[in-house]
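Structural characterization, general
As a plain string of letters, each chain reads:
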Amino acid sequence: QKEVEQNSGPLSVPEGAIASLNCTYSDRGSQSFFWYRQYSGKSPELIMSIYSNGDKEDGRFTAQLNKASQYVSLLIRDSQPSDSATYLCAASNNNDMRFGAGTRLTVKP
Amino acid sequence: EAGVAQSPRYKIIEKRQSVAFWCNPISGHATLYWYQQILGQGPKLLIQFQNNGVVDDSQLPKDRFSAERLKGVDSTLKIQPAKLEDSAVYLCASSLGRGGLSTDTQYFGPGTRLTVL
């Protein structure tokens, strides 16, 4: 069974703080990893993709991948109320994508 | 570039009725996916097409669900007959799917919210 696990939250952080979202996956054949943001009632929107170990930064977002530990994380710096959403972690093995249940993030003004 | 299109956006039916959803992927995307997302859960893959061939339908309840992608572009997903537990958002996604890690990136349509009464 290929599983992607996330803490369901809710995770609450004050505006301007760093939000840290974590994810583990069970399929060692996974090669591509993604973070999607999903606002309530909307479809998932891609934020970051990462394929190799280490960090990848894009604006206020940093994705971290550790394949040995089967661990992916997303850091959101200077969190804004507009970042309040559910964040879905996904792991893909040859286009076979598995999603976690998502972590609900609330950024309080 | 136009995104993934889906219709209808909302559908309410009674149990045991039939329903069909339509998806038009991003132009040039070879791989098309149908997901079921139940409230509070992540998307669950129902079926994956590469062009007009099925790659993975292991999680599709084949006794009631069917899908096709006849010309390798548009796709339809059908439920017949519907059950109460089929109430969910049905998401269509597409990706380039022509090899290489970056082609794994999936882009989602707006989804169809199905309510079965």
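Everything numeric in this text was worked out from a predicted model, so none of it was measured.

In this section: the overall build of chain A. Per the secondary structure count, chain A includes zero helices and 11 strands. Mapped from its N terminus to its C terminus, chain A presents α and β elements in the order β-β-β-β-β-β-β-β-β-β-β. Against the compact-globule benchmark of 13 Å for 109 residues, chain A has a radius of gyration of 13 Å, which places it among compact chains. Along the first, second and third principal axes, the C-alpha atoms of chain A reach 40 × 30 × 20 Å. Across the 109 residues that make up chain A, the buried fraction comes to 47%. Within chain A, contacts between residues at least 6 apart in sequence are counted, and of these 53% link residues at least 24 apart. Approximately 5,100 Å² of chain A is accessible, and the part contributed by carbon and sulfur atoms is 44%. Here chain A carries 11 positive and 11 negative side-chain charges, and the mean point of each set is 3 Å from the other.

Another aspect to go through is unusual backbone geometry. Residues and elements named next belong to chain A. Going from Gly9 to Pro10, the amide bond is cis rather than trans, its omega being 10°. Among the secondary structure elements, Pro10 is positioned in the loop between strand S1 (4–6) and strand S2 (11–14). Of note, Gln70 is a non-glycine position whose phi angle comes to about 55°, a positive value. Checked against the element boundaries, Gln70 lands in the loop between strand S7 (61–66) and strand S8 (71–76).

With 25 residues of chain B in contact, the opposing surface of chain A contributes 19 residues. A combined buried area of about 1,600 Å² lies between chain B and chain A, and 48% of that area is made up of carbon and sulfur atoms. The interface formed by chain B and chain A contains three residue pairs in polar contact (both at pLDDT 80 or more). Elements with a minimum of two residues in the side of chain B that touches chain A: strand S4 (31–37), strand S5 (44–50) and strand S9 (88–95) of chain B. Looking at the side of chain B that touches chain A element by element, the count peaks at four residues for S4 of chain B. Here the side of chain B that touches chain A is built from residues that sort into eight nonpolar, 14 polar and three charged.

Quick look at the state of the cysteines now. Residue and element names in this part refer to chain A. Within this structure, the stated rule accounts for two disulfides over all chains. Across a sulfur-sulfur distance of 2.1 Å, Cys23 and Cys89 are joined as a disulfide pair. One quick way to see it: the torsion about the S-S bond of Cys23 and Cys89 is about -75°, and its sign makes the bridge left-handed. Taken together, the residues span a long stretch of sequence, with Cys23 in strand S3 (residues 19–25) and Cys89 in strand S9 (residues 85–93) at a distance of 66 residues. Given a relative accessible area of 2%, Cys23 falls into the buried group.

Another point: the sheet that holds S8 of chain A. Residue and element names in this part refer to chain A. Read from one edge of the open sheet, five strands run S1-S3-S8-S7-S6, paired in antiparallel fashion. Two strands lie at the open edges of the sheet, namely S1 and strand S6 (54–58), each paired on one side alone. Direction aside, neighbouring strands of the sheet carry axes that sit 20° apart on average. Here six bridges tie S7 to S8, and the two strands are oriented antiparallel to one another. What sits directly across from Phe61, in S8, is Ile76.

What counts, and at which threshold
Residues numbered from 1 in each chain as written. Chains lettered and ligands numbered in written order. Predicted model: local features only at pLDDT ≥ 70, side-chain atom pairs only at ≥ 80, totals over all residues. Heavy atoms only, no water. Helix = DSSP H or I, 4+ residues; strand = E, 2+ residues; numbered from the N terminus. Rg over C-alpha atoms; globule rule 2.2 N^0.38 Å. Buried < 20%, exposed > 50% of the residue type's maximum accessible area, 1.4 Å probe, protein only. Contact = heavy atoms within 4.5 Å. Areas by Shrake-Rupley, 256 points an atom, 1.4 Å probe, with all protein chains shown as cover. Lys, Arg positive; Asp, Glu negative; His and termini not counted. Charge placed at Lys NZ, Arg CZ, Asp CG, Glu CD. Buried area = accessible area lost by both parts, 1.4 Å probe. Polar contact = N/O pair within 3.5 Å; in protein donor to acceptor, adjacent residues only side chain to side chain. Nonpolar A, V, L, I, M, F, W, Y, C, P; charged D, E, K, R; others polar. Disulfide = S-S within 2.5 Å. Pairing = 2+ DSSP bridges. Axes fitted to C-alpha atoms, helices over the stretch in contact; angles between N-to-C directions.

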